[in-house]
Amino acid sequence: ARVPAVSVMNIEGVREGHQSEGLRKYGADFPERHCFTLVFKGKRKNLDLAARGEEDARHWVQGLTKLMGRLQAMSQPEKLDQYPFWIHGVLQRADRNKDNKMSFREVKSMLRMINIDMDDVYAYKLFKECDRSGDERLEGRELEEFCRRLLRRPELEELFGRYSGEDRVLSAEELRDFLRDQGEDASLRQACAVIRTYELNEKARQQDLMMLDGFMMYLLSAAGDILNQEHTKVHQDMSQPLCHYFISSSHNTYLTRNQIGGTSSTEAYVRALMAGCRCVELDCWEGSDGEPIVYHGHTLTSKILFRDVIESIRDYAFKQSPYPVILSLENHCGLEQQATMARHMKAILGDMLLTQPLEGQDPHDLPSPEVRPPARPPWCPHVLSEPSARPFLPQQLKGKVLVKGKKLPEPWHEPCGVTSLPDPEEEEEEEEEEEEKLQERSRRQVRDSPRAMVLGDHGILAKDASQVAPELSAVVVYCQAVPFPGLPHALRHPRPCEMSSFSERKARKLIKQAG
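A few points on the structure.

1. Focus on the overall build of the chain
Point 1. Along its length, the chain carries 19 helices and 14 strands.
Point 2. Going through the 515 residues of the chain one by one, you find that 40% of them count as buried.
Point 3. Within the chain, contacts between residues separated by at least 24 positions form 64% of all contacts whose residues are at least 6 apart in sequence.
Point 4. Summing over all exposed atoms, the chain offers an accessible surface of approximately 30,700 Å²; the carbon and sulfur share of this is 52%.

2. Here we look at the nonpolar core
Point 1. Membership of the largest hydrophobic core comes to 34 residues, with the highest contact counts inside it found for Leu 282, Ile 313, Leu 327, Leu 329 and Met 345.
Point 2. Among the elements of the structure, helix H12 (266–274), strand E6 (279–285), helix H13 (306–316), strand E9 (325–331), helix H14 (335–349) and strand E10 (401–405) are those that each provide at least two residues to this core.
Point 3. Every residue in contact with Met 345, bar those within four places of it in the chain, is listed here: Phe 306, Ile 310, Leu 327, Leu 329, Gly 350, Leu 353, Val 403, Leu 472 and Val 475.
Point 4. By size, the runner-up hydrophobic cluster in this structure holds 21 residues, among which are Leu 175, Leu 179, Val 194 and Met 216.

3. What about the side chain of His 332?
Point 1. Mapping His 332 onto the fold places it in the loop between E9 and H14.
Point 2. Within the structure, the side chain of His 332 is placed 3.1 Å from the side chain of Glu 330, a separation counted as a polar contact.

4. Concerning the packing of aromatic side chains
Point 1. As enumerated under the stated definition, the model contains 10 aromatic pairs in all.
Point 2. Aromatic pair Tyr 163 and Phe 178: ring centres 5.3 Å apart, planes at 80 degrees, arrangement edge-to-face. Of this pair, Tyr 163 sits in helix H7 (residues 154–164) while Phe 178 is found in helix H8 (residues 172–181), placing the two residues 15 residues apart along the sequence. The residues Tyr 163 and Phe 178 share a single accessibility class, namely buried.
Point 3. The positively charged end of Arg 44 is found above the aromatic ring belonging to Phe 40, 4.2 Å away from the centroid.
Point 4. Here the guanidinium or amino end of Lys 319 rests over the ring plane of Tyr 316, the centre of that ring lying 5.5 Å away.

5. Some details on the environment of Ser 321
Point 1. With respect to the helices, strands and loops of the structure, Ser 321 is situated in the loop between H13 and E9.
Point 2. Given a relative accessible area of 12%, Ser 321 falls into the buried group.
Point 3. Separated by 47 residues in the primary sequence, Ser 321 and Met 274 have C-alpha atoms spaced 8.2 Å apart.
Point 4. Engagement of the side chain of Ser 321 in a polar contact is seen with the backbone nitrogen of Tyr 323, the distance being 3.2 Å.

6. Some words on the packing of H12 against H13
Point 1. In the contact formed by H12 and H13, the axes pass within 9 Å of each other and the chain directions differ by 25 degrees. It follows that H12 is roughly parallel to H13 by the angle criterion. For the pair H12 and H13, the sense of crossing is right-handed. Residues Thr 266, Tyr 269, Val 270, Leu 273 and Met 274 of H12 pack against Asp 308, Val 309, Ser 312, Ile 313 and Tyr 316 of H13.
Point 2. Looking at side-chain class alone, the contact of H12 with H13 contains 7 nonpolar, 2 polar and 1 charged residues.

7. Some words on the sheet that holds strand E1 (residues 11–16)
Point 1. Taken in spatial order, the 3 strands make up an open sheet running E1-E2-E3, and their pairing is antiparallel. The sheet terminates laterally at E1 and strand E3 (47–50), the two strands that pair on one side only. Within the sheet, the average angular offset between the axes of one strand and its neighbour, ignoring direction, is 20 degrees.
Point 2. Examined bridge by bridge, E1 and strand E2 (residues 35–40) share 5 bridges and lie antiparallel to one another.

8. So, the sheet that holds strand E13 (residues 479–481)
Two orientations exist for strands paired in a sheet by backbone hydrogen bonds: parallel and antiparallel.
Point 1. The 7 strands lie next to each other as E8-E7-E6-E9-E10-E13-E14, forming an open sheet whose pairing is mixed. Strands with a single pairing partner mark the edges of an open sheet, and in this sheet they are strand E8 (304–305) and strand E14 (498–499).

9. Some words on unusual backbone geometry
Point 1. At Asn 100, a residue that is not glycine, the phi angle is positive and equals roughly 60 degrees.
Point 2. Secondary-structure assignment places Asn 100 in the loop between helix H3 (76–94) and helix H4 (104–113).
Point 3. Overall, the relative accessible area of 65% leaves Asn 100 in the exposed class.

10. Let's talk about the pairing of E6
Point 1. By the criterion of burial, E6 is predominantly enclosed, with 7 of the 7 residues buried.
Point 2. Residue alternation in E6 divides its side chains into two sets, Cys 279, Glu 281, Asp 283 and Trp 285 and Val 280, Leu 282 and Cys 284, and both sets are buried.

11. Observations regarding the packing of H13 against H14
Packed helix pairs are specified by the crossing angle of their axes together with the interaxial distance, meaning the distance between the axes.
Point 1. With their axes 10 Å apart at the nearest point, H13 and H14 run at an angle of 30 degrees to one another. Taken together, H13 and H14 sit at an angle that is classed as roughly parallel. Regarding H13 and H14, the two cross each other, and that crossing is right-handed. Taking contact as the criterion, the partners of Phe 306, Arg 307, Ile 310, Glu 311 and Arg 314 in H13 are, on H14, Met 341, His 344, Met 345, Ile 348 and Leu 349.
Point 2. Grouping the amino acids of the contact of H13 with H14 by side-chain chemistry returns 6 nonpolar, 1 polar and 3 charged.

12. Considering the pairing of E10
Point 1. Taken across its 5 residues, E10 has 5 buried, putting it largely inside the fold.
Point 2. Alternating positions in E10 separate into two faces, Val 401, Val 403 and Gly 405 on one and Leu 402 and Lys 404 on the other, with burial throughout.
Point 3. Where E10 lies against E13, 2 bridges are found, and the strand directions are parallel. In the sheet register, Lys 404 faces E13, and the bridge partner there is Cys 479.

Criteria and cut-off values
- Residues numbered from 1 in each chain as written.
- Predicted model: local features only at pLDDT ≥ 70, side-chain atom pairs only at ≥ 80, totals over all residues.
- Heavy atoms only, no water.
- Helix = DSSP H or I, 4+ residues; strand = E, 2+ residues; numbered from the N terminus.
- Buried < 20%, exposed > 50% of the residue type's maximum accessible area, 1.4 Å probe, protein only.
- Contact = heavy atoms within 4.5 Å.
- Areas by Shrake-Rupley, 256 points an atom, 1.4 Å probe, with all protein chains shown as cover.
- Core = buried A, V, L, I, M, F, W, Y, C linked by side-chain atoms within 4.5 Å.
- Polar contact = N/O pair within 3.5 Å; in protein donor to acceptor, adjacent residues only side chain to side chain.
- Phe/Tyr/Trp six-rings, centres within 6.5 Å; stacked < 30°, edge-to-face > 60°.
- Lys NZ or Arg CZ within 6 Å of the ring centre and 35° of its normal.
- Axes fitted to C-alpha atoms, helices over the stretch in contact; angles between N-to-C directions.
- Parallel < 35°, antiparallel > 145°, perpendicular 65-115°, else oblique.
- Left-handed = near helix turned anticlockwise from the far one by under 90°.
- Nonpolar A, V, L, I, M, F, W, Y, C, P; charged D, E, K, R; others polar.
- Pairing = 2+ DSSP bridges.

Set out below in structure tokens:
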């Protein structure tokens with residue numbers, strides 16, 4: 001099939017071999033070393049490709065990787081040089097009937113392509129102001145004027161005028177004054193360096209002067225960002241217990257679209273992990289052939305194998321961040337498939353899966369994302385062996401996968417090796433109040449749907465799903481899911497390794513009760 005042109009600027013990454021859901025399922029006829037996948041930014045689907053030979057595939061992957069690296073390393077002026085080519089490509093894609101003119105509908109399509117969320121009334125006002133011919137189409141200079149107006153920032157123009165004066169040109173001294181007013185300890189030399197880096201006009205740059213475009217280029221760059229660029233990387237103390245941090249979490253991670261009839265995909269886990277997410281959700285249900293599946297229960301969403309999800313997590317858990325990943329299991333499987341889930345996690349994740357408390361760590365205390373050895377005072381070389389000192393942990397949670405789920409009581413007294421969960425009515429609330437309503441609606445749809453019979457064979461809630469298999473319980477170490485006992489009890493008896501989930505409604509209720 002013929003594929004539309006692809007801009008390298010829209011490519012997020014290149015994967016070699018059968019490293020996409022599509023190629024793993026359908027790529028068996030193509031040698032793995034001939035295949036590669038383009039992963040795009042945003043919601044665009046992956047593009048799976050097969051080259052004629054191994055060498056061709058290698059050249060494609062190396063070439064695309066080099067181009068992406070070159071784009072990432074571009075300076076602001078270099079990026080600006082590429083702007084005409086980029087905007088030309090956007091205009092071509094938006095011009096659906098290829099008449100080199102843009103209707104308002106096509107202009108709205110163009111705005112979506114360049115991620116501009118603009119009110120339709122305001123957008124049409126700009127459109128009419130630029131439509132000199134009055135034919136409800138923009139072309140040539142009219143289109144240039146429209147794009148120019150999109151880039152206008154009146155508040156920055158006013159700021160520039162305040163410091164530059166009547167001549168509308170900013171000298172190095174005036175730029176230094178501006179920087180100092182922003183709280184920067186700027187010198188004249190630093191102001192000149194900013195001008196030489198961001199000013200677009202060659203003559204102005206040679207005279208250490210800055211025009212409006214250069215001023216805007218600086219303010220809209222990373223250097224002009226109010227965010228300290230050092231804070232784009234991890235700069236916090238990461239040696240605190242795990243519960244001291246806000247953890248980037250994903251809800252219904254497997255879904256790519258809506259929650260009733262959308263597609264479930266392992267690619268959704270890849271995207272979440274590559275976005276820095278450290279807690280992903282797996283809704284696990286009974287599948288056919290003894291294999292657990294992941295999907296949104298009681299809905300028409302598609303189903304994926306639990307095993308495939310764990311393989312994707314293994315491959316991408318730590319590409320973006322070295323800090324621990326939590327697998328939040330919402331378990332609806334019976335004992336047999338629970339044991340299968342535990343086997344898959346152990347076999348696929350291997351040493352990445354944390355199955356025992358860290359050495360030297362109280363199993364009832366939460367460890368840290370990373371551990372720094374405490375400084376030893378020179379006068380007390382054996383401080384670590386003193387009872388009052390926190391022991392140095394030779395291991396840490398970096399690169400580890402933790403399982404959140406229900407756990408059997410310890411010590412374990414049940415002779416048959418199986419224990420029911422305490423009081424099913426006190427089950428933790430796994431979903432928000434809105435989702436409870438959503439599931440009720442979807443159940444009605446499933447009952448009335450011709451596909452309802454299919455759900456009888458797959459995605460079954462097992463009769464013994466209210467019990468916990470010892471194999472699955474064993475891989476839950478630091479993240480035990482329990483019903484919330486109430487704030488007074490939790491404050492009197494803190495248990496850092498226990499986790500509870502509840503709806504926003506219940507959270508508001510608890511806050512109100514606590515005063």
